Amino acid sequence: MLVTVQTKVVISNQQGEKLVGILHDTGSKELVIICHGFQSSKERIPMVNLAAAIERGGTCAFRFDFAGNGESEGSFQYGNYYSEVDDLRSVVLHFRETHVIKVLIGHSKGGNVVLLYASKYNDVDTIVNISGRFYLERGIEGRLGKDYLRRIKETGYIDVRNRKGEVAFRVTEKSLMDRLNTDTHRACLLVPQECRVLTVHGSKDQLVPVEDAVQFSKLIRNHRLCIVDGADHEYTSHQENLVSLILDFLREAQRDCHSLRSRF
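All figures in this text were calculated on a predicted structure; none of them were measured in a lab.

## Topic: the overall build of the protein
Along the backbone of the protein there are nine helices and 10 strands. A globule of 264 residues ought to have a C-alpha radius of gyration of about 18 Å, and the protein, at 18 Å, matches this closely. A buried classification covers 51% of the 264 residues belonging to the protein. Long-range pairs, those at least 24 residues apart, make up 69% of the contacts in the protein with a sequence separation of at least 6. Summed over all atoms, the accessible surface of the protein reaches about 12,800 Å², with 48% contributed by carbon and sulfur. Counting 35 positive and 34 negative side-chain charges, the protein places the averaged centre of each group 1 Å from the other.

## Regarding the pairing of strand β8 (residues 167–172)
Where strand β7 (residues 157–161) meets β8, five bridges bridge the pair, whose relative direction is antiparallel. Across the sheet, R161 pairs through a bridge with V167, a residue of β8. Counting the residues in the hairpin turn of β7 and β8 gives five residues, including G165, whose phi is positive at 85°.

## Considering the nonpolar core
A general tendency of soluble globular proteins is for nonpolar side chains to be buried together. Core analysis: the largest hydrophobic core is formed by 40 residues, its most contacted members being I33, F62, L88, F95, L104 and I127. Ignoring anything within four residues of it in the chain, the contact list for I33 reads F62, F64, L88, V91, V92, I101, V103, L104 and I105. In this structure, M47, V103, L242 and F249 belong to the second largest nonpolar core, which totals 24 residues.

## Quick word on the packing of aromatic side chains
One pass over the structure, following the stated rule, counts 11 aromatic pairs. Here the aromatic rings of F38 and F76 are separated by 5.3 Å at their centres, their planes lie at 80°, and the arrangement is edge-to-face. Residue F38 is found in the loop between β3 (30–35) and α1 (45–56), and its partner F76 is found in the loop between β4 (60–64) and α2 (81–95); the two are separated by 38 residues along the sequence. Accessibility classification places F38 together with F76 in one group, the buried group. Joined through ring pairs, the aromatic side chains of F38, F76, Y78 and F169 make up one cluster. Its guanidinium or amino end placed over the ring of Y135, R138 lies 4.0 Å from that ring's centre, counting from NZ or CZ. Over the ring of Y157 we find R170, and its NZ or CZ is 3.7 Å from the ring centre.

## Digging into the packing of α2 against helix α3 (residues 109–120)
The interhelical angle for the contact between α2 and α3, taken along N-to-C directions, is 70°, at an axis separation of 9 Å. Classified by the interaxial angle, the pair formed by α2 and α3 is roughly perpendicular. Contacts between α2 and α3 pair Y81, Y82, E84, V85, D86, L88, R89 and V92 from the former with K109, N112, V113, V114, L116, Y117, S119 and K120 from the latter. Residues of the contact of α2 with α3, tallied by class, amount to nine nonpolar, two polar and five charged.

Basis of the calculations
- Residue numbers restart at each chain and count upward from 1, following the sequence in its written direction.
- Whole-chain, interface and lining totals are the exception, using all residues; otherwise, since this is a predicted model, local features are given only for residues with pLDDT of at least 70 and side-chain atom pairs are given and counted only at 80 or more.
- Side-chain numbers here rest on the full set of heavy atoms in the structure, without hydrogens or water.
- Strands here mean DSSP runs of E at least two residues long; helices mean DSSP runs of H or I at least four residues long; both are numbered from the N terminus.
- To get the radius of gyration, use the C-alpha atoms; to get the globule rule, take the number of residues to the power 0.38 and multiply by 2.2 Å.
- Burial classes: relative accessible area under 20% of the type maximum marks a residue as buried, over 50% as exposed, and values in between as partly exposed (1.4 Å probe, protein chains only).
- Should any heavy atoms of two residues lie within 4.5 Å, those residues are counted as being in contact.
- Residue-level accessible areas treat just the shown protein chains as cover; the underlying method is Shrake-Rupley with a 1.4 Å probe.
- We treat Lys and Arg as the positive residues and Asp and Glu as the negative residues; His and chain ends play no part in the count.
- To locate a charge, take NZ of a lysine, CZ of an arginine, CG of an aspartate or CD of a glutamate.
- Note on pairing: two strands pair once DSSP finds at least 2 bridges between them.
- Only buried residues count toward a nonpolar core. Its members are Ala, Val, Leu, Ile, Met, Phe, Trp, Tyr and Cys residues joined through side-chain atoms within 4.5 Å.
- Aromatic pairs are defined between Phe, Tyr and Trp rings, using the six-membered ring for Trp, whenever the two ring centres lie within 6.5 Å; interplanar angles under 30 degrees are classed as stacked, those over 60 as edge-to-face, and all others as tilted.
- Note on geometry: a ring has a charge over it if NZ (lysine) or CZ (arginine) is within 6 Å of the ring centre and within 35 degrees of the ring normal.
- An axis is simply a line fitted to the C-alpha atoms; with a helix, the fit covers only the stretch in contact. Between two such axes, the angle follows the N-to-C directions and lies from 0 to 180 degrees.
- For classification, angles of less than 35 degrees are called roughly parallel, those exceeding 145 degrees roughly antiparallel, those between 65 and 115 degrees roughly perpendicular, and all remaining angles oblique.
- All residues other than Ala, Val, Leu, Ile, Met, Phe, Trp, Tyr, Cys, Pro, Asp, Glu, Lys and Arg, Gly among them, are scored as polar; the first ten of these are nonpolar and the last four charged.

As structure tokens, this is what we get:
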């Protein structure tokens, strides 16, 4: 009988901020790290469901909050892609002392982060990009409003308000340019050939168009694309499909890895 324990783990990032996560500990030496998206947290349904499914399969899983999100310390920043890569690096280095980390999974912005990580560090075998955005210059007007470049250059920032009219977060010119200057195209080309990448995307995603997923498949060399028919950005009615696709991909990657080792 599989005995699992869920434990809160706190890890310091490079700025000394505390990153808070939940370790689904099965006793296995193998660990999957799961990354959330924009203004989200480790408690969002896709993160929780994936961690639980991986745990049931006997592998450890860790879902955590990037700095400025959820329970983690720090202030939320728009853009901030490579800062979140640095957060992920701190998590990887922390667990490398006790576990073998073969898989990184990211949803939405987290999908971009795990791909950027793979393009920078050649130390993970498998990447799963769930609904990541390829064209980072798109989708900004929907959050910041029209003529955002002129407005932000005039004032230095734009406050984004929630439905109640309260300021949800502030976008500075620096953080906006951080997003616009993040080169997704170049990162895809730098993902190592030996790193397997799965991109999953919903056909009815209204936040990130499915064409972004197609573009990832054109540039990443060792890549598989799965479009979930009818799914939205959060896979609201397609959680089982999402989990099943990812677990099947991870099992196949594991079998191929064992097969390769047996040849030598």
